[in-house]
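Remarks on the overall topology
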4 protein chains.
Amino acid sequence: MSDPSRASIDVEVRYFETDAMGVVHHANYLVWFELARTRLCADSGRHYADIEADGYRLVNTRVEVVYRRPARYGETCRVACWIDTIGSRSLGFSYEVSRDGQVLVTGSTEHLWIESESGRPCRMPEPYRVPFLRLAGQEP
Amino acid sequence: MSDPSRASIDVEVRYFETDAMGVVHHANYLVWFELARTRLCADSGRHYADIEADGYRLVNTRVEVVYRRPARYGETCRVACWIDTIGSRSLGFSYEVSRDGQVLVTGSTEHLWIESESGRPCRMPEPYRVPFLRLAGQEP
Amino acid sequence: MSDPSRASIDVEVRYFETDAMGVVHHANYLVWFELARTRLCADSGRHYADIEADGYRLVNTRVEVVYRRPARYGETCRVACWIDTIGSRSLGFSYEVSRDGQVLVTGSTEHLWIESESGRPCRMPEPYRVPFLRLAGQEP
Amino acid sequence: MSDPSRASIDVEVRYFETDAMGVVHHANYLVWFELARTRLCADSGRHYADIEADGYRLVNTRVEVVYRRPARYGETCRVACWIDTIGSRSLGFSYEVSRDGQVLVTGSTEHLWIESESGRPCRMPEPYRVPFLRLAGQEP
């Protein structure tokens, strides 16, 4: 086992994402997490859009976010994402949003593999097993 | 021909919808327009969700919005919607957002009937013809 | 001590809130939570907009959401909110989103009282102490 | 007079931006327009955040969008923005969203210069006159 792979993206704060307090509204960090998760999946050679095309979904079952410092319009933030748990039917991701090396927000999400047609939970589909285990730093 | 039917809904400003200027961000009015349009369609006896279940879509082809005065958190606005043009394959809606009788924003949208399966434009589906002509104030 | 007061609001799913899975995107529940929290504060006789006008902010420091079942366009959901913890400088709220009595999503948020001018944490401002203790079911 | 300067940015479609039709919801293009406008202003040497810090606002007074083809999750779009009219108190911008050279969406926005303190329209502030005339391709 080695450290999990991290995807890092730079996100420019959108005016639309600010609120009347003059800072990024707290709901938008979930959207940034998703962007970083998309990049991490793409890094494994499988875009999340492929997962859907293959007949599966990774449904969000839990989200936790801790807010330390706000981000503002005019700033660009770095969002890192990595896998922290792999279950037989589930995946857990962790996130860190920072600006100039200072941590603003951290979080985690849990997801369940679902077969689109039946809408029922399923085992991690075979074509994703090795790529995701590699991302997680676990030798398959 | 008579006046078109108007649907009116009350929308409470969401904190999420405000921006760093302390007012509702201009993109959100399109979302409010859509809420009022949903209500107008429902008033005809056909929810927009039925249109999709029946295998059709009403795709947005054009939007125009004029902003006169801002709305703020803590306020509730009234959004009115009515049909202003019916073509053989298209529909046009108009909108007015007001607060305490004062007009804040006006707008219009144009839509095309699309058959979901083929993705191609089509004539207004028969089950919608009479209800929509009635909404438009045109005797069928 | 008695049970905390609950505010309940009905939220009609907006088309804008759905995603390509055909369900409400998970980030939107934070926006619904905020709407219900706004109503709960208003029920205490103090609108959240007053808090800002008085020179204070209730800043989000933590969010947790558990997703059980999805909501879809065409549906109306009930969102309940109540206070579950009151600290000297903090407030904790809990939430439940349901549809026809079936629980879809639950969650909690933690907030810190901030003095707007200094940007620093402060004790719960005196004018809010009694109303919020009453909301929490704690006799002041 | 020469051609106006164009700012071009690449925008990766966010899952959050898709709707139940499986495409980018039409309201999000206003947000993309704003991102490209931010970049164009930054290219002039003046970030839009500076305008606010200097005590001014560029308030949206009108928006028009024409939708030709949809964008989908998994795609990256190019958004171009340029100034098309400069009035003594107003600015007009045009936009084009494309993917692989194919135009998806076009639009325009109109803005009014506002003095933040008074909330009243004002002439284009002196420090912005030359940079914006240059962006517009008009020799100052």
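Anything mentioned here points back to the structure above.
These figures come from a predicted structure and were not determined experimentally.

Some points on the relation of the copies chain A and chain C
The transformation that overlays chain A on chain C combines an axial shift of 0.0 Å with a rotation of 180 degrees, and the residual RMSD is 0.0 Å. Viewed as a symmetry operation, the transformation between the two copies matches a two-fold axis. Across chain A, the smallest distance between a C-alpha and the rotation axis is recorded for A:Glu64, namely 2.2 Å.

Overview of the interface of chain A and chain C
Across the boundary between the two partners, chain A contributes 21 residues, which contact 21 residues of chain C. Here chain A packs against chain C, burying approximately 1,900 Å² in sum over the two surfaces, 56% of which is carbon and sulfur. Its largest share of buried area at the contact with chain C, chain A owes to A:Met21, A:His26 and A:Tyr67, together 29% of the area lost on that side. There are two salt bridges connecting chain A and chain C. Where C:Glu64 meets A:Arg62, a salt bridge forms, and the shortest distance between an N and an O atom there is 3.2 Å. Breaking the side of chain A that touches chain C down by element, the ones donating at least two residues are helix H1 (28–43), helix H2 (48–53) and strand E2 (56–67) of chain A.

A closer look at the pattern of salt bridges
By the definition in use, this model includes 42 salt bridges over all chains. With a shortest N-O distance of 3.2 Å, D:Glu12 and A:Arg39 are connected by a salt bridge. With D:Glu12 in strand E1 (residues 7–12) and A:Arg39 in helix H1, the pair connects residues from two separate chains. Given a relative accessible area of 32%, A:Arg39 falls into the partly exposed group. In this structure, D:Glu34 engages D:Arg37 in a salt bridge whose closest nitrogen and oxygen atoms are separated by 3.7 Å. Of this pair, D:Glu34 and D:Arg37 both sit in helix H1 (residues 28–43), three residues apart, which is roughly one turn of the helix.

Describing the pairing of E1(D)
All names here are of chain D. Here E1 shows one buried face, formed by Ala 7, Ile 9 and Val 11, and one open face, formed by Ser 8, Asp 10 and Glu 12. Two elements, E1 and strand E3 (residues 76–86), share six bridges in a ladder whose sense is antiparallel. Following the sheet pairing, Ser 8 is matched in E3 by Ala 80.

Comments concerning the nonpolar core
With 176 residues, the main nonpolar core has A:Phe132, B:Phe132, C:Phe132 and D:Phe132 as its most contacted residues. Setting aside its immediate chain neighbours within four residues, B:Phe132 contacts B:Cys41, B:Ile51, B:Ile83, B:Ile86, B:Leu91, B:Trp113 and B:Met124.

Focus on the relation of the copies chain D and chain B
For the pair chain D and chain B, the superposition axis carries a translation of 0.0 Å, the fit reaches an RMSD of 0.0 Å, and the rotation angle comes to 180 degrees. With an isologous cut-off of 70% or more, the 100% of interface residues of chain D that recur at the interface of chain B puts this contact in the isologous class.

What about the interface of chain D and chain B?
Between chain D and chain B, the residue contacts involve 21 residues of the former and 21 residues of the latter. For the pair chain D and chain B, the summed buried area comes to about 1,900 Å², and 56% of that belongs to carbon and sulfur atoms. Three residues, D:Met21, D:His26 and D:Tyr67, lead the burial of chain D against chain B; their summed loss comes to 29% of the area buried on that side. At the junction of chain D and chain B, the tally comes to two salt bridges. At the surface where chain D touches chain B, the tally comes to ten residue pairs in polar contact (both at pLDDT 80 or more). Going through the elements one at a time, H1, helix H2 (48–53) and strand E2 (56–67) of chain D are the ones with two or more residues in the side of chain D that touches chain B.

Rules used in this analysis
- Residues numbered from 1 in each chain as written.
- Chains lettered and ligands numbered in written order.
- Predicted model: local features only at pLDDT ≥ 70, side-chain atom pairs only at ≥ 80, totals over all residues.
- Heavy atoms only, no water.
- Least-squares fit on C-alpha atoms with pLDDT ≥ 70 in both.
- Contact = heavy atoms within 4.5 Å.
- Buried area = accessible area lost by both parts, 1.4 Å probe.
- Salt bridge = Lys/Arg side-chain N within 4 Å of Asp/Glu carboxyl O.
- Helix = DSSP H or I, 4+ residues; strand = E, 2+ residues; numbered from the N terminus.
- Buried < 20%, exposed > 50% of the residue type's maximum accessible area, 1.4 Å probe, protein only.
- Pairing = 2+ DSSP bridges.
- Core = buried A, V, L, I, M, F, W, Y, C linked by side-chain atoms within 4.5 Å.
- Polar contact = N/O pair within 3.5 Å; in protein donor to acceptor, adjacent residues only side chain to side chain.

The quantities given are spatial measurements derived from coordinates; they are silent on function.
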